[in-house]
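The residues making up each chain are set out below.
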Amino acid sequence: MRKLFYIISLSLLGACHGPSTDENPMPKAKAAISRAADAAAKLKNLQFDYPKDPACGMPLKAGLEDSTEYKGKLYGFCSKECKEEFLKSPESFLAHLTTP
């Protein structure tokens, strides 16, 4: 009876302290941060056809988060929301653009 108790205790103890499937999430987090930084750097190196966000007018030098191509021209945006607004009615925004 005593042997049975020890066997059950050891098996439960082993089950509680078994190897985890994801022991250290830090390498994955660092890789994600690195990919985001690479994407941001590539975005900043693009040559845009207009130096301001066409939706809100903010200069792209102040901050750049997204871009889109429309009628063969590349436009940059300070935020995802500005890009979404632009894409709803691009012509209405482009009609108000003036060359800087």
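Computed from a predicted model, the values in this text were never measured in an experiment.

Reading guide: rules and limits
- Residues numbered from 1 in each chain as written.
- Predicted model: local features only at pLDDT ≥ 70, side-chain atom pairs only at ≥ 80, totals over all residues.
- Heavy atoms only, no water.
- Helix = DSSP H or I, 4+ residues; strand = E, 2+ residues; numbered from the N terminus.
- Buried < 20%, exposed > 50% of the residue type's maximum accessible area, 1.4 Å probe, protein only.
- Polar contact = N/O pair within 3.5 Å; in protein donor to acceptor, adjacent residues only side chain to side chain.
- Contact = heavy atoms within 4.5 Å.
- Core = buried A, V, L, I, M, F, W, Y, C linked by side-chain atoms within 4.5 Å.
- Phe/Tyr/Trp six-rings, centres within 6.5 Å; stacked < 30°, edge-to-face > 60°.
- Disulfide = S-S within 2.5 Å.
- Arc of directions from axis to C-beta.
- Salt bridge = Lys/Arg side-chain N within 4 Å of Asp/Glu carboxyl O.

Structurally, Ala-55 is set in the loop between α2 (26–44) and β1 (66–70). Judged by relative accessible area, Ala-55 falls into the partly exposed class, the value being 25%. Separated by 31 residues in the primary sequence, Ala-55 and Phe-86 place their C-alpha atoms 5.7 Å from one another.

Tracing the chain through its elements places Ser-79 in the loop between β2 (73–77) and α3 (80–88). Within the structure, Ser-79 has its side chain in polar contact with the backbone nitrogen of Cys-82 (distance 3.1 Å). With sequence-adjacent residues up to four places away left out, Ser-79 is seen in contact with Asp-53 and Glu-65.

This part takes up the nonpolar core. Listed in full, the nine residues of the largest apolar core are Tyr-50, Tyr-70, Tyr-75, Phe-77, Cys-78, Cys-82, Phe-86, Phe-93 and Leu-94. Broken down by secondary-structure element, the contributors of at least two residues to this core are β2, α3 and α4 (90–94). Residues contacting Phe-77, with those up to four places away along its chain left out, are Asp-53, Pro-54, Leu-60, Gly-63, Leu-64, Glu-65, Asp-66, Ser-67, Thr-68, Cys-82, Lys-83 and Phe-86.

Okay, the packing of aromatic side chains next. One pass over the full model with this rule turns up four aromatic pairs. Among the aromatic residues, those joined into a cluster by ring pairs are Tyr-70, Tyr-75, Phe-77, Phe-86 and Phe-93.

So, about the state of the cysteines. Summed over the entire model, instances satisfying the criterion amount to zero disulfides. We note that Cys-56 lacks a disulfide partner, and the nearest cysteine sulfur, in Cys-78, lies 3.7 Å from it.

As a further point, take α3. By the burial criterion, the buried members of α3 are Cys-82, Lys-83 and Phe-86. What you see down the axis of α3 is that its buried residues fit within an arc of 100°, all on one side. Residues of α3 that are exposed and point more than 90 degrees away from the buried face comprise Glu-81 and Lys-88. Lining the buried residues of α3 we find β1, β2 and α4.

A side chain of one charge can pair with a side chain of the opposite charge if their charged atoms are brought near each other. Counting across every chain of the model gives three salt bridges. Salt-bridge contacts for Lys-88 lead to Glu-85; the nearest nitrogen and oxygen are separated by 2.9 Å. Of this pair, Lys-88 and Glu-85 both sit in helix α3, three residues apart, roughly one helical turn. We classify Lys-88 as exposed; its relative accessible area is 63%. Note on Glu-85: relative accessible area 38%, which makes it partly exposed.

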